Amino acid sequence: MRRRVLLAVLLTTTLAVVAFFVPASVAIHNAQRRGELLELQREASIVANRLANLAVNDAEELQAILDAHHPLALYSTDGQLLVGTGPSAPDRIVQLALRGNFAEGYVGSDLVAAVPVSATPAHPPLVVRIEEPNTESQQRYYRSLALLAGAALLILTVAAAVGVLVANRLNRPIDELKKWAGSRPSSKQPPPDPTGIDELDSLRSALVGDHTRIEELLERERSFSSQVSHQLRTPVAAMRVAVETELAAPRPDASAVLHESLGQLDRLESTISSLLALARHTERERIDCDMVALCRKHVSHWADAVARDGRRLIVGGDAIHARVDVDAIGHVLDVLVDNALHHGKGDIHVDVHVDVHVDVRADVRGHGAAVAIDVSDEGPAPTDRDPFADTGSDSTHGIGLRLARTLAESSHGRLELLTTENTTFRLTVPV
């Protein structure tokens, strides 16, 4: 990029210099020619005035007042060269002066001026001819062109310096972004400061956003690997124990254990699919549904287990329709009901309602109102530990409270333990 910016600046400046140089050189040439003609006219007038008091043959004194490179010649009225350096036969400029006119112009490539001089006591009527050789005019013109070329070279040098500064100014934040983007996530190196250039700041925002998302994905992958590996072994081990027990002491209905294992395998497969989607940050389909009916459907398979424990599973609440991630909510409900069944007491309540106490913009990454699903039992809330901690808090079944919270957050929701007398977990999702 640095080279491209420098080349662009130099190319633009070169085109501008060329566009200025050509007409400027023509203008200098024309102005110089006009100045040379005026100079010859002035010198011819000086010679004409000096001739009033000089003899015709005193050409050396006349020449002394002129430029040494400007030959002087005097012609009689009949066209004869009397003295000085000039053509023996009058040229067209001298012929015009012989007619009594002041004349100037080019003879070949040389500039010539001729002035008629009236008769005086010292000499008869004359014509003074002064010549400026073309070599002198060319040298003066070339010197002017050299000065113009020097100015152009100075402009190009300044443009190159400005181009280097601009290229470094534009390239430095890009190099810093490149270095930062290539740094290890563990270094926790902060991103470069904004540059004030809209395009570069937009690139910085995009890279910082992507960098943050990548770190979140890596953290999610590490969390998935460290926690799910243990949690998924539990139901597999339970199925193995059931099968081995059935082999050791078969029941009358041999297919019972198979149906039980298939049910557990279906749940395990669904859990794995959702967790893989969570780990890979895959966007899952959202479905518009009745939230109470959705909760009742997902917890229905827990009814027998709860009844065997002499307790009740009660689902109710407000009639709310929302577009939600059905699989994520189902898995979170499984974890919460499982946790209440194995660690809680009394009846288990699943209550759906609009959460008017939640600032959706600050706490839930959604838009509009929020719906809350409270799962509670009659046991006391734990106060000696964090139920969402990395270790020591997950239940012995399902995917654990920590991963349940991660699933809720992946659906732009939130899972929290309310500080109430009884254990109450609240799942909040945007409508």
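Above: the structure in question.
My aim in this report is to walk through the structure given alongside it, one point at a time. Keep in mind it's a predicted model, so treat the numbers as computed, not measured.

Scanning the chain for helices and strands turns up 11 helices and 12 strands. Of all 431 residues assigned to the chain, the portion counted as buried reaches 39%. Counting every atom, the chain has about 24300 Å² of accessible surface; 57% of that belongs to carbon and sulfur.

A few words on the sheet that holds strand E2 (residues 81-84). The 5 strands lie next to each other as E2-E1-E5-E4-E3, forming an open sheet whose pairing is antiparallel. In this open sheet, the two strands that pair with only one neighbour each are E2 and strand E3 (103-107). Strand-to-strand twist across the sheet, computed as the mean angle between neighbouring axes with direction ignored, equals 25 degrees. Here strand E4 (residues 110-117) pairs with strand E5 (residues 126-132) via 7 bridges, running antiparallel.

Two elements in contact, helix H9 (residues 326-343) and helix H11 (residues 400-410), have axes separated by 9 Å at closest approach and are oriented at 155 degrees. Considered as vectors, H9 and H11 are oriented roughly antiparallel to each other. Here the hand of the crossing between H9 and H11 comes out left-handed. Where H9 approaches H11, its residues Ala328, His331, Val332, Val335, Leu336 and Asn339 are matched on the opposing element by Gly400, Leu401, Ala404, Leu407 and Ala408. Within the contact of H9 with H11, the residues separate by chemical class into 8 nonpolar, 3 polar and no charged.

The next subject is the pairing of E3. Put simply, side chains in a regular strand alternate between the two faces of the sheet. Where E3 and E4 come together, 5 bridges link them in antiparallel fashion. Within E4, the position partnered with valine 107 by the bridge is aspartate 110. Counting the residues between successive antiparallel strands, the hairpin from E3 to E4 contains 2 residues, one of them, glycine 108, with a positive phi of roughly 70 degrees.

Right, let's get into the sheet that holds strand E12 (residues 422-430). Read from one edge to the other, the open sheet built from 5 strands follows the order E7-E9-E10-E12-E11, with strand pairing classed as mixed. At either end of the open sheet lies a strand with only one pairing partner, and these are strand E7 (313-317) and strand E11 (414-418). Going from strand to strand, the sheet's axes swing by 15 degrees on average, the running direction of each strand aside. In the sheet, strand E10 (residues 370-380) pairs with E12 via 8 bridges, with the strands oriented antiparallel. Within the sheet, the bridge partner assigned to proline 380 lies in E12 and is asparagine 422. Contacts from H9 reach strand E9 (348-354), E10, E11 and E12, with the element oriented near 15 degrees to E10.

Here we take up the pattern of salt bridges. Under the definition given, this model contains 6 salt bridges. Its salt-bridge partner being arginine 129, residue aspartate 91 comes within 2.8 Å of it at the nearest N-O pair. Here the residue aspartate 91 occupies a position in the loop between E2 and helix H3 (92-98), and arginine 129 occupies one in strand E5, the gap between them amounting to 38 residues. Among the residues examined, aspartate 91 registers a relative accessible area of 12% and is labelled buried. The partner of aspartate 374 in a salt bridge is arginine 426, and the shortest N-O contact between them spans 2.7 Å. Taken as a pair, aspartate 374 in strand E10 and arginine 426 in strand E12 lie far apart in primary sequence, 52 residues in all. The same class applies to aspartate 374 and to arginine 426, which are both buried. Connected through shared salt-bridge partners, Asp91, Arg129 and Glu131 make up one network.

Each value, and the rule that gives it
Residues numbered from 1 in each chain as written. Predicted model: local features only at pLDDT ≥ 70, side-chain atom pairs only at ≥ 80, totals over all residues. Heavy atoms only, no water. Helix = DSSP H or I, 4+ residues; strand = E, 2+ residues; numbered from the N terminus. Buried < 20%, exposed > 50% of the residue type's maximum accessible area, 1.4 Å probe, protein only. Areas by Shrake-Rupley, 256 points an atom, 1.4 Å probe, with all protein chains shown as cover. Pairing = 2+ DSSP bridges. Axes fitted to C-alpha atoms, helices over the stretch in contact; angles between N-to-C directions. Parallel < 35°, antiparallel > 145°, perpendicular 65-115°, else oblique. Left-handed = near helix turned anticlockwise from the far one by under 90°. Contact = heavy atoms within 4.5 Å. Nonpolar A, V, L, I, M, F, W, Y, C, P; charged D, E, K, R; others polar. Salt bridge = Lys/Arg side-chain N within 4 Å of Asp/Glu carboxyl O.

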